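These are the residues of each chain, in order.
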Amino acid sequence: MMNKVFKYVMVDILRNKIMLTYTLVLLLISISVFSLEDNSAKGILTLLNLVLFIVPLVSIIFSTIYIYNSNEFIELLVSQPMKRAKIWLSLYSGLSVSLLVAFIIGTGIPILLFEPDKSGFVLILCGSILSIIFVSIAMLAVVNIRDKAKGIGIAILLWIYFSIIFDGLVLYLLFQFAEYPLEKPMMFLSVLNPIDLCRITILLRLDVSALMGYTGAVFKEFFGTSLGILATLVVLILWAAVPLRISLQKFKRKDL
Amino acid sequence: MIKIADVSKSFGKLKALDSINLELNKGECIALIGPNGSGKTTLLKCILGMVFPDKGQIFFNDSDILKDWRYRSFVGYMPQIGRYPDNMSIGQLISMIRDIRQNENPDQDNELFNFFEIESILNKRMRNLSGGTRQKVSASLAFMFNAQVIILDEPTAGLDPVATEILKSKIHKEKNAGKLILLTSHILSDLDDLVTQIIYMQDGKLKFHKSIAILKADTGEEKLSKAIASLMIKNSL
């Protein structure tokens, strides 16, 4: 039963032209970045910034619009003998898997071709997890907002918050409390933003972390250890699981 | 078969359902009537588990519908406006629903599907369908799985006279086969020779639930539409 709905969602999304464009754009960016940079570690760094920018944006906006457009589909299924949880999770896995496929083809394959080392793998892993996290966040936004225009607006705002505003706030805090040792609180703050967490994780795999000074050293002391990597992974998984869980709870009791 | 116990539902300030108590038994064809916005569709959606009541319970064969979703395999539903995924073809839609429901009801009832000649338009996408064709697809799906309860929300709206007659005779047949048919309609003349009981709602309140015979005797009118009209006038006075 689940497979049928999941399959339908998958086929529907993979036929979608936006998904195809997304894959091709990622592919184009990745290949050109690696061809332009003579040093492939620098290529990873450039790619990192693009991935952290584009992947959350496309994941959250595409998912939001797709779920709003599936309203009729959801309504139809809800009146059928089917668990609501199954409907919601099929939709979630359909979106996640297709965004993952697009990311892996668009960025994963070029990385494996040009820079198949540890930092490359970590970048693929981070991009994959970010794709899933922002599908979760989109589902949480949609289930709470009935109006499509408002919902898409909120999704964009959420992305701006995680990509831009959050960093601004962190910088502001840094300047305000410049006299205090902020390395430990900074580590805690980064947990509040999955994009930052991914950025730190990858930067520490590259030599450029030396440029981050004392903060970089403190970060490396924690995030560089296997315990740190495990903690990062747990936090990222929580970022995907918690919004999904809340949205599911809400969807089970939603009037359609 | 279906028991509604003290069900209330509000949407913001609007009270859509106000302490509704009803008992619906099989072998009946029950029409829900009332002005626009009187809560008919909300009541049907509550029975289908699409809308959750704020208060009260609904029982299907004595078990609470909120506790077990499986009762929906015994319910066929034709929505007021059939909203389907735009880029699905009729064939895909039907095969998906069949797949979801097949386990419970292996023997299928394709009578309406054949009468409406849906076979010939299986490849059409849902977005290209006219309102009437959508209604035909919805109706075929509602009856396809031999459900014990058939819920039809404004079934004849948008159907041409030929299709309306086909649907009416189907409803008649299924009622006689011992099913419970629950429908809403604005076109009272359509219901005359079909319906066995009337439920009249207004502003979310249940005004009355009577059998046709009693209703006609009470008002002294022969035609259903006139009987209802005379009651509506009496009620408003």
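The coordinates are above.
Remember, it's a predicted structure, so these values are computed and weren't measured experimentally.

Asker: Talk me through the overall build of chain A; I want residue IDs and the actual numbers.
Answerer: The secondary structure content of chain A amounts to 11 helices and zero strands. Relative to its length of 256 residues, chain A is compact, with a C-alpha radius of gyration of 19 Å against a globular reference of 18 Å. With the C-alpha coordinates of chain A rotated into their principal frame, the extents come out at 60 × 40 × 30 Å.

Asker: Break down the sheet that holds strand 4 (residues 55-60) of chain B for me, citing the residues and quoting the values.
Answerer: Strand pairing in a sheet takes place through backbone hydrogen bonds and is either antiparallel or parallel in direction. Residue and element names in this part refer to chain B. The strand order 2-1-4-5 describes an open sheet built from four strands, whose pairing is antiparallel. Only two strands of the sheet have a single neighbouring strand rather than two, namely strand 2 (14-24) and strand 5 (63-64). Relative to strand 4, strand 1 (residues 2-11) runs antiparallel, the two being bridged by five bridges. Considered in strand 4, the bridge of serine 8 is made with lysine 55.

Asker: I'd love a proper account of the interface of chain A and chain B, names of residues and values included.
Answerer: In this assembly, 18 residues from chain A lie in contact with 19 residues from chain B. For the side of chain A that touches chain B, the elements supplying multiple residues, two or more each, are helix 1 (2-14) and helix 4 (71-78) of chain A. The dominant element in the side of chain A that touches chain B, judged by the number of residues it contributes, is helix 4 of chain A, at five residues. Within the side of chain A that touches chain B, the residues separate by chemical class into eight nonpolar, three polar and seven charged.

Asker: Summarise unusual backbone geometry; cite the residues concerned and give the values.
Answerer: Residue and element names in this part refer to chain B. Look at asparagine 146: it is not a glycine, yet its phi comes out positive at around 55 degrees. Within the secondary structure layout, asparagine 146 lies in the loop between helix 4 (131-144) and strand 7 (149-153). In this structure, glutamate 154 takes a positive phi of about 50 degrees despite not being glycine. Assignment of secondary structure puts glutamate 154 in the loop between strand 7 and helix 5 (161-176).

Asker: Talk me through helix 1 (residues 40-48) of chain B; I want residue IDs and the actual numbers.
Answerer: Of all nine residues that make up helix 1 of chain B, eight are buried, and the element is covered over most of its length. Downstream of helix 1 of chain B by a residue or two, glycine 49 of chain B has a phi angle that is positive, lying close to 80 degrees.

Asker: Break down the sheet that holds strand 9 (residues 197-202) of chain B for me, with residues and values.
Answerer: All names here are of chain B. Read from one edge to the other, the open sheet built from six strands follows the order 6-7-8-3-9-10, with strand pairing classed as mixed. The sheet terminates laterally at strand 6 (75-78) and strand 10 (205-211), the two strands that pair on one side only. Averaged over all pairs of adjacent strands, the angle between strand axes in this sheet comes to 15 degrees, irrespective of strand direction. Taken together, the four bridges between strand 6 and strand 7 define a ladder with parallel strand orientation. Bridge pairing links valine 75 to valine 149 in strand 7. Relative to strand 7, helix 1 is tilted by about 150 degrees, and along the sheet it contacts strand 3 (29-33), strand 6, strand 7, strand 8 (180-184) and strand 9. Against the sheet, helix 7 (residues 212-219) touches strand 9 and strand 10, its axis set at about 100 degrees to strand 10.

Asker: Summarise the environment of alanine 241 of chain A; cite the residues concerned and give the values.
Answerer: If you trace the backbone, alanine 241 of chain A turns up in helix 11 (residues 226-252). Distance from alanine 241 of chain A to isoleucine 67 of chain A, taken between C-alpha atoms, is 18 Å for residues 174 residues apart in sequence.

Asker: Mind laying out the nonpolar core, listing which residues take part and the relevant values?
Answerer: Membership of the largest hydrophobic core comes to 131 residues, with the highest contact counts inside it found for Ile133, Ala138 and Met139 of chain A together with Ile151 and Leu182 of chain B. Broken down by element, the residue count for this core peaks at 15 residues, all from helix 6 (residues 118-144) of chain A.

The rules behind each value
- Residues numbered from 1 in each chain as written.
- Chains lettered and ligands numbered in written order.
- Predicted model: local features only at pLDDT ≥ 70, side-chain atom pairs only at ≥ 80, totals over all residues.
- Helix = DSSP H or I, 4+ residues; strand = E, 2+ residues; numbered from the N terminus.
- Rg over C-alpha atoms; globule rule 2.2 N^0.38 Å.
- Pairing = 2+ DSSP bridges.
- Contact = placed C-beta atoms within 7 Å.
- Nonpolar A, V, L, I, M, F, W, Y, C, P; charged D, E, K, R; others polar.
- Buried ≥ 20, exposed ≤ 12 C-beta atoms within 10 Å, placed from the backbone.
- Axes fitted to C-alpha atoms, helices over the stretch in contact; angles between N-to-C directions.
- Core = buried A, V, L, I, M, F, W, Y, C linked by C-beta atoms within 7 Å.

Distances and angles like these do not, on their own, reveal function.
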